[in-house]
Amino acid sequence: MASGAAGLARPARRRVRLVHPAAAQTRSAEDWWWDRLAPSGSGYHLLQSDSMLLVLPGPGPARLRAQRRVARQARRLRSPGSRAAEAKPSSAPAPTPLQEPDPGWGDRVPLEILLQIFGLLVAADGPIPFLGRAARVCRRWNEAASQPALWHTLTLSPPLAGRPAKSGAKAEKKLLSSLEWLMPNRFSQLQRLTLIHWKSQLVSESCPRLTFLKLSDCHGVTLEALIMLAKACPQLHSLDIQHSMVKSTAVVSFLEEAGPRMRKLWLTYNPQTTAILGALLGSCCPQLQVLEVSTGLSHNITPFQLPVEALQKGCPQLQVLRLLNLTWLPKPSGRVITPGPGFPSLEELCLASSTCNFVSNEVLGRLLHGSPHLRLLDLRGCARITPAGLHDLPCQKLEQLYLGLYGMSDRLTLAKEGSPLLTQKWCHSLRELDLSGQGFSEKDLEQALAVFSGTPGCSQLALCSLNLRGTRVTPGTVSSVISSCPGLLYLNLESCRCLPRGLKQAYRGPEEVQWCLEQLLTSLPSPS
């Protein structure tokens, strides 16, 4: 009987001996990996979440490894099919729960990582409302959300679109109540501020570091508000009031107060703009570098006179001049033409218009006779400009030239030759060329575009955009340009009457451009 009982007991002991080495091997392997990733004394610790494993600097809580071992042992003991549970049902003590509260993973993430994450979200959606909500999560998030670097740029717009009047007013009241706390606590770090459909008072008194202000579709901006803006923001040097209802007297008063430090100014043309331009001609903004006057989608019917030479004297540091969709005339210079000082620092001139304007070779020469550093010249819609007039300009390193005529070439008598003067002068520097709608002949275009392949090394890596829409370019000329300019990324061949059907379209990207080349080569007649 005793031997029988001993025989029955041996299998149970054998099962116990087979289980414990495996369990010990499992625990040691997992602990070995944790020790490899964050060894003791290395200055790092591991933090395991639902979908990631973080290696964080710092010693970390001392209880983590012991907590992991106790938790694994408790899971094995609680599993219904566990052999260890069958062998020792009462020998394993129940794990003692830790009484210290876990502050959560968000409180253990380093501040530098939180700043990078918050920075991505702020760059995409702005600091409001995300940073306000993040500041209420925990102390670490509050510290990250209050960093000055996250509050440099802000756009404010009342949430009224698509809402009933009552709910819209409630949302605007909630936003204003939030601003009551944000203005004294966060707006002191603002550098760039955009107000859209803003009807309340300006927040300039809380933004001493503001450098850029944009008012978009804002109404009721008073003279007092702009004067306060100029005095409360001593670093403000850029103002954009396009598409906003602002009286010219208010803008002139602002320029008289802040003019010496102004660098950039954006205006929408209206009959009152003449007073603002008069202030600029009076040298109230001697450091102005960017001036843009636009009419939006419409254009002014009555042309206004622009004293070109007076503008050159009043804004000698101008680098960018944009007169968009404007109908204007240069002020007559009298019997004796006295050249102005020019714009020696000008790098961009944009006179694009959707209708015919009065810009001629003579006007262009008066504007650019002293601008050797010009990089961008946009003359779309300026049908009076000829290649000979462009060839006489002093700029030698022009990179972007736009001469497109959209929807107006049928009503004009266009030059049929002269395009080689453009490519011969700037083939070494041109990156973008727009000749859409021009009336150059097939032979003239062939000679002009052959410059890119005829000159050794000329524009091999420069030309990346070519717009030939509506021109008489031939298949052989296009294939030669593509073969000679491997960096070509955009090619517009829409409405090119000399090209075969199926190829009159715009090509974007190197793959589409190369596909166009293949199709052109197959369509060309084989040499006899």
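Let me sum up the structure you'll find in this document. (Residues numbered from 1 in each chain as written. Predicted model: local features only at pLDDT ≥ 70, side-chain atom pairs only at ≥ 80, totals over all residues. Heavy atoms only, no water.)

**Observations concerning the overall build of the protein**
Argument step 1. The helix and strand tally for the protein stands at 17 helices and 18 strands.
Argument step 2. When each of the 528 residues of the protein is scored for burial, the buried share is 42%.
Argument step 3. Across the protein, the fraction of contacts at a sequence separation of at least 24, relative to all contacts at a separation of at least 6, is 70%.
Argument step 4. Total accessible area on the protein is roughly 28700 Å²; 55% of this is exposed by carbon and sulfur atoms. (Helix = DSSP H or I, 4+ residues; strand = E, 2+ residues; numbered from the N terminus. Buried < 20%, exposed > 50% of the residue type's maximum accessible area, 1.4 Å probe, protein only. Contact = heavy atoms within 4.5 Å. Areas by Shrake-Rupley, 256 points an atom, 1.4 Å probe, with all protein chains shown as cover.)

**Looking at unusual backbone geometry**
Argument step 1. Of note, the amide linkage connecting Ile128 to Pro129 takes the cis form, showing an omega dihedral of 10°.
Argument step 2. Inspection of the secondary structure puts Pro129 in the loop between helix H4 (111–125) and helix H5 (130–134).
Argument step 3. The backbone phi angle of His243 is positive, close to 65°, even though this residue is not glycine.
Argument step 4. With respect to the helices and strands, the residue His243 is situated in the loop between strand S6 (238–240) and helix H9 (248–258).
Argument step 5. Phi at Asn325 is positive, roughly 60°, even though this residue is not glycine.
Argument step 6. Of note, Asn325 is situated in the loop between strand S10 (320–324) and strand S11 (328–330).

**Examining the pairing of strand S3 (residues 153–156)**
Argument step 1. Residues Leu154 and Leu156 line the buried face of S3, whereas the alternating positions Thr153 and Thr155 sit on a face that is not buried.
Argument step 2. By the bridge criterion, four bridges tie S3 to strand S4 (residues 192–196) in an arrangement that is parallel. The residue bridging Thr155 from the neighbouring strand is Thr194, located in S4. (Pairing = 2+ DSSP bridges.)

**Here's the deal with empty space enclosed by the protein**
Argument step 1. Scanning all chains against the criterion turns up one cavity of 30 Å³ or more.
Argument step 2. What the largest cavity holds in volume is close to 40 Å³.
Argument step 3. Lining of the largest cavity is provided by Leu277, Leu291, Val293, Phe304, Leu306, Leu311, Leu323 and Leu326.
Argument step 4. Within the residue set of the lining of the largest cavity, elements represented by two or more residues are strand S8 (290–294) and strand S9 (304–306).
Argument step 5. Tallied by class, the residues present in the lining of the largest cavity amount to eight nonpolar, no polar and no charged. (1 Å grid on protein atoms, 1.4 Å probe; cavity = no way out; pocket = protein on both sides within 12 Å on 5 of 7 lines; lining within 4 Å. Points joined across faces, edges and corners; volume = space filled by probe spheres on them. Nonpolar A, V, L, I, M, F, W, Y, C, P; charged D, E, K, R; others polar.)

**A short note on the side chain of Asn492**
Argument step 1. As for its position among the elements, Asn492 is in strand S17 (residues 490–492).
Argument step 2. Non-local contacts of Asn492, meaning those with residues more than four positions away in its chain, are made with Leu466, Asn467, Leu468, Arg469, Gln505 and Ala506.

**Things to note about the packing of helix H8 (residues 223–232) against H9**
Argument step 1. Close contact between H8 and H9 brings their axes to 9 Å; oriented N to C, the two are set at 15°. The angle between H8 and H9 places the two elements in the roughly parallel class. Our pair here, H8 against H9, has a crossing hand that is right-handed. The residues of H9 that touch H8, namely those facing Leu223, Leu226, Ile227, Leu229, Ala230 and Lys231, are Thr249, Ala250, Val251, Ser253, Phe254, Glu257 and Ala258.
Argument step 2. Grouping the constituent residues of the contact of H8 with H9 by class yields nine nonpolar, two polar and two charged. (Axes fitted to C-alpha atoms, helices over the stretch in contact; angles between N-to-C directions. Parallel < 35°, antiparallel > 145°, perpendicular 65-115°, else oblique. Left-handed = near helix turned anticlockwise from the far one by under 90°.)

**A closer look at the pattern of salt bridges**
Argument step 1. According to the stated counting rule, one finds eight salt bridges in the structure shown.
Argument step 2. Across the pair Arg322 and Glu348 runs a salt bridge, and its minimum N-O distance is 2.8 Å. Placement of Arg322 in strand S10 and of Glu348 in strand S12 (residues 348–350) is noted, with a sequence separation of 26 residues between them.
Argument step 3. Note that Glu362 is salt-bridged to Arg366, the shortest N-O span being 3.5 Å. Taken as a pair, Glu362 and Arg366 lie in helix H12 (residues 361–368) at a separation of four residues, close to a single helical turn.
Argument step 4. Overall, the relative accessible area of 42% leaves Glu362 in the partly exposed class.
Argument step 5. Within this structure, Glu292, Arg322 and Glu348 form a network of salt bridges that share partners. (Salt bridge = Lys/Arg side-chain N within 4 Å of Asp/Glu carboxyl O.)

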